[in-house]
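The residues making up each chain are set out below.
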Amino acid sequence: TEAAYRERLTAKIREVLEDRQIDETRIVTEAAIFADKIAVDEETVRLRSHIASFRDILGAFNGPIGRKLDFLVQEMNREANTIGSKAQDAATAQVVVEIKSDIEKIREQIQNIE
């Protein structure tokens, strides 16, 4: 999290600089940059949107849907990969692995459509 990162960064800077003055503004800025790098809000919103679209297509089921579903699964996988690359803890990384595994199972089933 941002707070934990800020604490680690402050401790590391204190260690390196020893008795010198620490620029608190710089630490806050660096922590904010870090928080922005690991934020996955946009990816989770897009992933939820892809899942909703997937359900809508399955619900409508009018005409060929294999390619549409295949495209959505590619997009879901892309979002899961991005979330995984931003993951800063093992628990999140494990969830991403499970999501990707489920997406792959869905992709395999889509191959049987159309």
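Residues numbered from 1 in each chain as written. Predicted model: local features only at pLDDT ≥ 70, side-chain atom pairs only at ≥ 80, totals over all residues. Heavy atoms only, no water.

Within the protein, the regular secondary structure consists of 5 helices and 0 strands. The helix and strand sequence of the protein, counted from the amino end, reads α-α-α-α-α. Radius of gyration (C-alpha) of the protein: 21 Å, far over the 13 Å computed for a compact globule of 114 residues. With the model as given, the accessible surface of the protein reaches about 8200 Å², and the carbon-plus-sulfur share is 52%. (Helix = DSSP H or I, 4+ residues; strand = E, 2+ residues; numbered from the N terminus. Rg over C-alpha atoms; globule rule 2.2 N^0.38 Å. Areas by Shrake-Rupley, 256 points an atom, 1.4 Å probe, with all protein chains shown as cover.)

Okay, helix 3 (residues 41-60) next. An α-helical segment advances 3.6 residues per turn. Residues three or four places apart therefore align on the same side. For helix 3, with 20 residues, the first-to-last C-alpha span of 29 Å sits near the 28 Å given by 1.5 Å per residue. Among the residues of helix 3, those classed as buried are Glu43, Leu47, His50, Phe54 and Ile57. Along the axis of helix 3, the buried positions cluster into a sector of 85°, meaning they face one direction only. The outward face of helix 3, more than 90 degrees from its buried face, is lined by the exposed residues Asp41, Glu42, Val45, Arg48, Arg55, Asp56 and Gly59. Turning to helix 3, the residues buried within the fold contact helix 4 (66-86) and helix 5 (90-110). Looking one or two places after helix 3, you find Phe61, whose phi comes out positive at around 40°. (Expected span 1.5 Å × (residues − 1). Buried < 20%, exposed > 50% of the residue type's maximum accessible area, 1.4 Å probe, protein only. Arc of directions from axis to C-beta. Contact = heavy atoms within 4.5 Å.)

Okay, the pattern of salt bridges next. Applying the stated criterion across every chain yields a total of 7 salt bridges. Linking Arg78 and Glu75 is a salt bridge whose minimum nitrogen-to-oxygen distance equals 2.4 Å. Taken together, the residues Arg78 and Glu75, both in helix 4 and 3 residues apart, mark about one turn of the helix. For Arg78, a relative accessible area of 45% translates into the label partly exposed. Classification of Glu75 by relative accessible area gives buried; the value is 15%. Of the charged contacts, one joins Arg107 and Glu104 as a salt bridge, the two residues approaching to 2.6 Å between their closest N and O atoms. Here Arg107 and its partner Glu104 are both found in helix 5, 3 residues apart, which amounts to about one turn of the helix. (Salt bridge = Lys/Arg side-chain N within 4 Å of Asp/Glu carboxyl O.)

Compared with an ideal rise of 1.5 Å per residue, which puts 21 residues at 30 Å, helix 5 spans 30 Å between its outermost C-alpha atoms and is within 8% of the ideal. Val96, Ile103 and Ile110 are the residues of helix 5 that are buried. End-on view of helix 5: buried residues confined to an arc of 35°, all on one side of the axis. Among the exposed residues of helix 5, those pointing more than 90 degrees away from its buried face are Ala90, Ala91, Val97 and Gln109.

Don't take any of this as a statement about function, it's just geometry.
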